[in-house]
Amino acid sequence: MGLAVPTPASEVPGNFITSALWNASVYSPLTFLLNPPTFVGYQSTSQSLSNSSWTPLNIDTVANDPYGGHSSTSNTSRYTCQPGAGGWYTACGVYAPNGNGNGFRAVKLQVNGTAVLGAAAYLPAMGPEMGLVTPVKDIFLKPGDYIEVCGWQSSGGALGTALDSDLRTGLWVRFSHV
């Protein structure tokens, strides 16, 4: 588990530099800056999406999550902001549907089940597998808020996600600032 966002120490003239003061004003902030909350996850198991329905995309492989904001057993589409780590996060998601030339494909980021304005992409299907990428967005998260990437497709039937060596559905989240 990582550190909470540090608060600057307020000092007065005449204070001695104690170990507690050193930890609060130097060590903890530097440790946090060197290890901020981040999350990188992607799919290793294909997921079927229903026709014309926004679907949170499962993330079953975690490459980086030092603060433990993702669970591989419950709510697997979510990255949850941990206690003490609220602030602005930079996020981006990818939806990688299997190849199919019918209809349209779309991807969006949402927080607590609500779409993030300006964080969606929508394209006509092109036949081969494709990766739809959300715009990179700065999003404010309070502890307990969750962010997820969602996919949508209108092929006329269910459509799975691609599992290529270089193309996967995924979510990337990084703490930016308080």
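Quantities reported herein were computed from a predicted structural model and do not represent experimental measurements.

Undergrad: Just give me the short version of the pattern of salt bridges, but keep the residues and values in it.
TA: Using the criterion set out here, one finds one salt bridge in the structure. Measuring nitrogen to oxygen at the nearest pair gives 3.6 Å for the salt bridge that ties Lys142 to Asp145. With relative accessibility at 48%, the residue Lys142 sits in the partly exposed group. Given the relative accessible area of 9%, Asp145 is considered buried.

Undergrad: Describe the pairing of strand S6 (residues 87-95), naming the residues involved and giving the relevant values.
TA: With eight of its nine residues buried, S6 lies for the most part within the structure. Judged from the five bridges that link them, S6 and strand S10 (residues 137-141) form a sheet pairing that is antiparallel. Each bridged residue has a counterpart across the sheet, and for Trp88 the counterpart in S10 is Phe140. Taken together, the seven bridges between S6 and strand S13 (residues 170-177) define a ladder with antiparallel strand orientation. Considered in S13, the bridge of Trp88 is made with His177. Judged from the two bridges that link them, S6 and strand S9 (residues 132-133) form a sheet pairing that is antiparallel. Directly across from Val94, in S9, lies its bridge partner Val133.

Undergrad: Help me get a handle on the side chain of Gln153, residues and values and all.
TA: Position of Gln153 among the secondary structure elements: in strand S11 (residues 146-153). A polar side-chain atom of Gln153 sits 2.7 Å from a polar atom in the side chain of Ser155. Only 2.8 Å separates the side chain of Gln153 from the backbone oxygen of Gly157, close enough to count as a polar contact. Residues in contact with Gln153, not counting those within four places in the same chain, are Leu49, Ser50, Asn51, Ser52, Ser53, Tyr95, Phe104, Arg105, Ala158 and Leu159.

Rules and cut-offs
- Residues numbered from 1 in each chain as written.
- Predicted model: local features only at pLDDT ≥ 70, side-chain atom pairs only at ≥ 80, totals over all residues.
- Heavy atoms only, no water.
- Salt bridge = Lys/Arg side-chain N within 4 Å of Asp/Glu carboxyl O.
- Buried < 20%, exposed > 50% of the residue type's maximum accessible area, 1.4 Å probe, protein only.
- Helix = DSSP H or I, 4+ residues; strand = E, 2+ residues; numbered from the N terminus.
- Pairing = 2+ DSSP bridges.
- Polar contact = N/O pair within 3.5 Å; in protein donor to acceptor, adjacent residues only side chain to side chain.
- Contact = heavy atoms within 4.5 Å.

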